[in-house]
Amino acid sequence: MGTDEQPRWLDDEEQQAWISLVGTLIRLPAALDAQLQRDAAINHFEYQVMSALSMSQERTLRMSVLAALCGGSLARLSQAVGRLEKRGWVSRAPDPTDGRYTLATLTDEGFGKVEESAPGHVEAVRRYVFDPLTKAQVQQLTRIGRRIGDAIDPEGCPDSRRH
């Protein structure tokens, strides 16, 4: 933007939509995290890690792919996986096809933890996100989320449509 150009300020309707979205982006993760901490003694990021692994072939992913799926840095993922390893829920090993990579694998105990935790998490997601919306609003939410996601990252995550 040049020095003579004015910012494209939000109009009143856009401002209200932005405030609503920001409030949701702040409160929803906190609410989901609180439910998982209370009911499953794990945080939301750890649940996302185990859930992503549970849906993967052989419950295994490269750490770099897992980080992208979970929206976290490799450092954050490494810390979370370290905590999950200590509990026996995830294991790490070098990728036998390319030793430069590390594989994370959900153990049988970890899969059991996902199965145990999923009903409460899904109920919280329903209560906070889907119950207040009509079917048409859910469809709108899907389209809106995809459009915003595509504007942020046109390449997108290959599995982003699945999660």
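Here, every reference points to the structure presented above.
So, how was this worked out
Residues numbered from 1 in each chain as written. Predicted model: local features only at pLDDT ≥ 70, side-chain atom pairs only at ≥ 80, totals over all residues. Heavy atoms only, no water. Patch = residues over 30% accessible without salt bridge, like charges linked within 9 Å, V, L, I, M, F, W, Y side chains within 5 Å. Areas by Shrake-Rupley, 256 points an atom, 1.4 Å probe, with all protein chains shown as cover. Salt bridge = Lys/Arg side-chain N within 4 Å of Asp/Glu carboxyl O. Lys, Arg positive; Asp, Glu negative; His and termini not counted. Charge placed at Lys NZ, Arg CZ, Asp CG, Glu CD. Helix = DSSP H or I, 4+ residues; strand = E, 2+ residues; numbered from the N terminus. Buried < 20%, exposed > 50% of the residue type's maximum accessible area, 1.4 Å probe, protein only. Expected span 1.5 Å × (residues − 1). Contact = heavy atoms within 4.5 Å. Core = buried A, V, L, I, M, F, W, Y, C linked by side-chain atoms within 4.5 Å.

**A few points about a negative patch on the surface**
Together, D11, D12, E13 and E14 make up a region of like negative charge exposed at the surface. By secondary structure assignment, the location of E13 is in helix α1 (residues 12–40). Note on E13: relative accessible area 66%, which makes it exposed.

**Regarding helix α4 (residues 74–86)**
At 3.6 residues per turn, the α-helix brings residues three or four places apart onto the same side. In this model, α4 (13 residues) spans 18 Å end to end at C-alpha, consistent with the 18 Å of a helix rising 1.5 Å per residue. Taken together, the buried positions of α4 are L77, A80, V81, G82 and L84. The inward-facing, buried residues of α4 abut α2 (44–54), α3 (63–70) and β2 (90–94). Once α4 ends, the next one or two residues include G88, with phi positive near 80 degrees.

**Structural notes on a nonpolar patch on the surface**
Side chains of L10, W18, I19, L21, L25, I144, I148 and I152 sit close together on the surface and give an oily, nonpolar patch of about 790 Å² of accessible area. When residues of the nonpolar patch are traced back to their parent elements, those giving at least two are α1 and α6 (135–152). Note on placement: L10 falls in the segment before α1. The exposure class assigned to L10 is partly exposed, which follows from its relative accessible area of 44%.

**Section: the pattern of salt bridges**
It is possible for side chains of opposite charge to pair when their charged atoms get near one another. What the rule picks out here adds up to seven salt bridges. Here R83 ties to E46 by a salt bridge, and the two come within 2.6 Å at their closest N and O atoms. Taken together, the residues span a long stretch of sequence, with R83 in helix α4 and E46 in helix α2 at a distance of 37 residues. Looking at E46, the relative accessible area reads 6%, which means it is buried.

**Details of the nonpolar core**
In terms of nonpolar packing, the biggest core is built from 25 residues, with I42, V49, M50, L53, L66, L77 and V90 touching the most fellow members. Listed by contribution, the elements that provide at least two residues to this core are α1, α2, α3, α4, β3 (102–106) and α5 (108–130). Top contributing element to this core by residue count: α2, with six residues. Non-local contacts of L77, meaning those with residues more than four positions away in its chain, are made with F45, V49, M63, L66 and A67.

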